[in-house]
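This is what each chain is made of:
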Amino acid sequence: MKILGIETSCDETAAAVVKDGVKILSNAVVSQIDIFAEYGGVIPEVAARSHLEVILPVIDKALFDAKCSWDDIDAIAVTHAPGLLGSLLIGTLTARTLAILHCKPLYAVHHLKSHVYANWLGVGEFENTSLRNAPSLPSSRGSIAPVVARCHKGSSERYFSNSPLFPLLALVVSGGHTQILYMRGHNRFEIIGTTRDDAVGECFDKVAKILGLPYPGGPSIAKAAMEGVDKYPLPHPNVAGLDFSFSGLKTAVLRAVQKELKLPISHPSHDLHNHLSPEQVADFAASFQKTAVEILLKKIDKALELHPEVKSIVVAGGVSANQELRKEARRKLPKELPIYFPEPTLSGDNGAMVAAAGFFEIQSGVAQTDPYKLNIYPRVSIEKEG
Ligand code: KG4
Ligand code: ZN
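Quick caveat: nothing in here was measured; it's all calculated off a predicted structure. Numbers given for residues are sequential positions, taken from 1 along each chain in its written order. Chains and ligands are labelled sequentially in the order written, the chains with letters from A and the ligands with numbers from 1. Reporting of local features is limited, given that this is a predicted model, to residues whose pLDDT is at least 70; pairs of side-chain atoms are given and counted only at 80 or more, and all residues count toward the totals for whole chains, interfaces and linings. Hydrogen atoms and water are omitted, and side-chain values are computed over all heavy atoms in the structure.

Overview of the nonpolar core
Nonpolar side chains in soluble globular proteins tend to end up buried together.
Then step 1. Ranked by size, the top nonpolar core spans 54 residues in total, and within it I180, L211, F246, V257 and F288 carry the most contacts.
Then step 2. Strands are runs of DSSP state E lasting at least 2 residues, helices are runs of H or I lasting at least 4, and numbering of each runs from the N terminus. Within the residue set of this core, elements represented by two or more residues are strand 8 (168–173), strand 9 (178–185), helix 5 (200–211), helix 6 (217–225), helix 7 (247–260), helix 9 (278–306), strand 11 (312–316) and helix 10 (323–332).
Then step 3. In terms of residue count, the dominant contributor to this core is helix 9 (13 residues).
Then step 4. L112, V116, A170 and V354 belong to the second largest nonpolar core, which has 33 residues in total. What is meant by a nonpolar core is a set of buried Ala, Val, Leu, Ile, Met, Phe, Trp, Tyr and Cys residues, joined one to another through side-chain atoms within 4.5 Å. Residue exposure (1.4 Å probe, protein chains only): buried if accessible area is under 20% of the type maximum, exposed if over 50%, otherwise partly exposed.

Now the structure itself:
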């Protein structure tokens, strides 16, 4: 089954064709990062207008790259929640129109669900090789049967593993969300931890601004941190259970920078970076990144204590591209537990993950949506969708 996935929830206009939820036939993404780097953040009106300008060429490219005509497409999946209102409207209205025009079933997908399903992409890429019969991974949590071997390319390491087994924990870390989800099976999501204020990606973006690093903050902080050392102690928030809080960490960085520069707390945050040396910027970036990663992994540890039956962990969303998070997760979390990260290029927003999520919705018996009625929900939780 070939699904066209369309994603426009924030500042990436993306479309992809994916076969059977796992095999990427094409993946076209036009990012607006260059536009928003100038402003230091996304401007919703500008984002919507940019989506409108490129959405049809992006869909055309996805079909062309996949060597597909409309006859080859079995269904359309589109992000309808959550995200920026104007951005979601462009993607959904386009998908609705195309579904009506080409008589294709239409599936509405929650953005966080798509991020999670980025971890299934790549399975089957090697279906004609011996990797298909990859050996089971030994695990104290039960033998893990090989489904189809998969290879994560593009990361510094190259490794093979199998599809994530249920029940699993999904750590979703993006610009708008930080949640721990418990998945009993495909398309069954329960939120067991969530941020009470800022998302971790948002925190990377805000700290980058304080340090004078370019938007988006995540990759800039990661790059700067490579030259720095973790020399500034930063506090961990005291939040009960599996919930997170990141606004305190951002303020802690602000105060630590002011203290380091011997400036009063009234000194405007937008001016601080003018007083920082490149070494100080790198050291603050390294200290912040290390603390943010520790906070995330501590909660995953706690979630594993509460759910010892869990058979795998998947990490998803823009921040899952972070190499420090990848390295520390593999180092600190139980060795016998398979941990999945998307290929770094699939950590951020893309159409392939939407198509994958659409496929698993169909497999789970979710009904197609009426193209004349499909609505957008800028703030709805994944549980309401589940
Ligand atoms: O998932 P995503 O592309 O969009 C949302 O759904 O929000 O996530 C974007 C977020 C941004 O906050 C960006 O700074 C962060 O992901 N990000 C990173 C990295 N790459 C992107 N954060 C840390 N390290 C990275 N390498
Ligand atoms: Zn996203």
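Describing the coordination of the zinc ion (ligand 2)
Then step 1. Donor selection uses N, O and S atoms within 2.8 Å of the metal (3.2 Å for Na, K and Ca). Since no water is included, sites may look incomplete. Binding of the zinc ion (ligand 2) to the protein goes through H111 (NE2), H115 (NE2) and D349 (OD), at separations of 2.0 to 2.1 Å.
Then step 2. Spacing between the donor residues of the zinc ion (ligand 2) along the chain follows H-x3-H-x233-D. Taken as a pair, H115 in helix 4 (residues 111–117) and D349 in the loop between strand 12 (339–340) and helix 11 (351–363) lie far apart in primary sequence, 234 residues in all.
Then step 3. What makes H115 buried here is its relative accessible area of 1%.
Then step 4. Residue classification places D349 among the buried residues on the basis of a relative accessible area of 14%.

A look at the pairing of strand 8
Then step 1. Of all 6 residues making up strand 8, 6 are buried, and the element is well covered by its neighbours.
Then step 2. Alternating positions in strand 8 separate into two faces, L168, A170 and V172 on one and L169, L171 and V173 on the other, with burial throughout.
Then step 3. Relative to strand 9, strand 8 is paired through 6 bridges, and the arrangement is antiparallel. The partner of V173 across the bridge, within strand 9, is T178. Being paired, for any two strands, means DSSP has found at least two bridges between them.

Observations concerning the site of ligand 1
Then step 1. Throughout, near means a residue has at least one heavy atom within 4 Å of the molecule or strand. Around ligand 1 lies a shell of 19 residues, among which H115, G175, D205, G218 and G318 are the nearest.
Then step 2. Between ligand 1 and H115 there is a distance of 2.9 Å, counted from an oxygen atom to a side-chain nitrogen or oxygen.
Then step 3. Looking at the shell around ligand 1, the elements with two or more residues in it are helix 4, helix 5 and helix 6.
Then step 4. Looking at which domains feed residues into the shell around ligand 1, each of domain 1 (2–164 + 343–384) and domain 2 (168–337) gives three or more. Contacts described as polar in this section are N or O atom pairs within 3.5 Å, which, within protein, must combine one atom able to donate a hydrogen with one able to accept it, while residues neighboring in sequence count only if both atoms come from side chains. Boundaries between domains were set according to an automatic or database domain assignment.

Here we look at the confidence of the model for the protein
Then step 1. Scored by pLDDT, the protein has a mean of 91; 89% of the residues are at 70 or more.
Then step 2. Below pLDDT 50 for its whole length, residues 124–161 participates in 86 contacts with residues either more than four positions away or in separate chains. The predictor rates its confidence in each residue with pLDDT, a number between 0 and 100. Residue contacts are defined here by distance: any two heavy atoms, one from each residue, within 4.5 Å place the two residues in contact.

Re the pattern of salt bridges
Then step 1. Any Lys or Arg side-chain nitrogen found within 4 Å of a carboxyl oxygen on Asp or Glu counts as a salt bridge. Taken as a whole and judged by the stated rule, the model has 13 salt bridges.
Then step 2. The partner of D198 in a salt bridge is K206, with the nearest N and O atoms 3.3 Å apart.
Then step 3. What emerges from the salt-bridge pattern is a single network uniting D198, E202, K206 and K250.

Re the packing of aromatic side chains
Both the distance between ring centres and the angle between the ring planes are used here to describe each pair of aromatic rings.
Then step 1. Put simply, two rings from Phe, Tyr or Trp (the six-membered ring, in Trp's case) pair if the centres are within 6.5 Å, and we call them stacked under 30 degrees between planes, edge-to-face over 60, tilted for the rest. According to the stated counting rule, one finds 9 aromatic pairs in the structure shown.
Then step 2. A ring pair is formed by W120 and F166, whose centres lie 6.0 Å apart and whose planes are at 20°; its orientation type is stacked. Of the two residues, W120 sits in the loop between helix 4 and strand 6 (150–152) while F166 sits in the loop between strand 7 (159–161) and strand 8, which places them 46 residues apart along the sequence.
Then step 3. On the basis of an interplanar angle of 90° and a centroid distance of 5.2 Å, the ring pair of F359 and F360 is categorised as edge-to-face.
Then step 4. Of the residues examined, F360 reaches a relative accessible area of 8% and is grouped as buried.
Then step 5. Members of the aromatic cluster, joined through ring pairs, are Y117, W120, F166, F189, F359 and F360.

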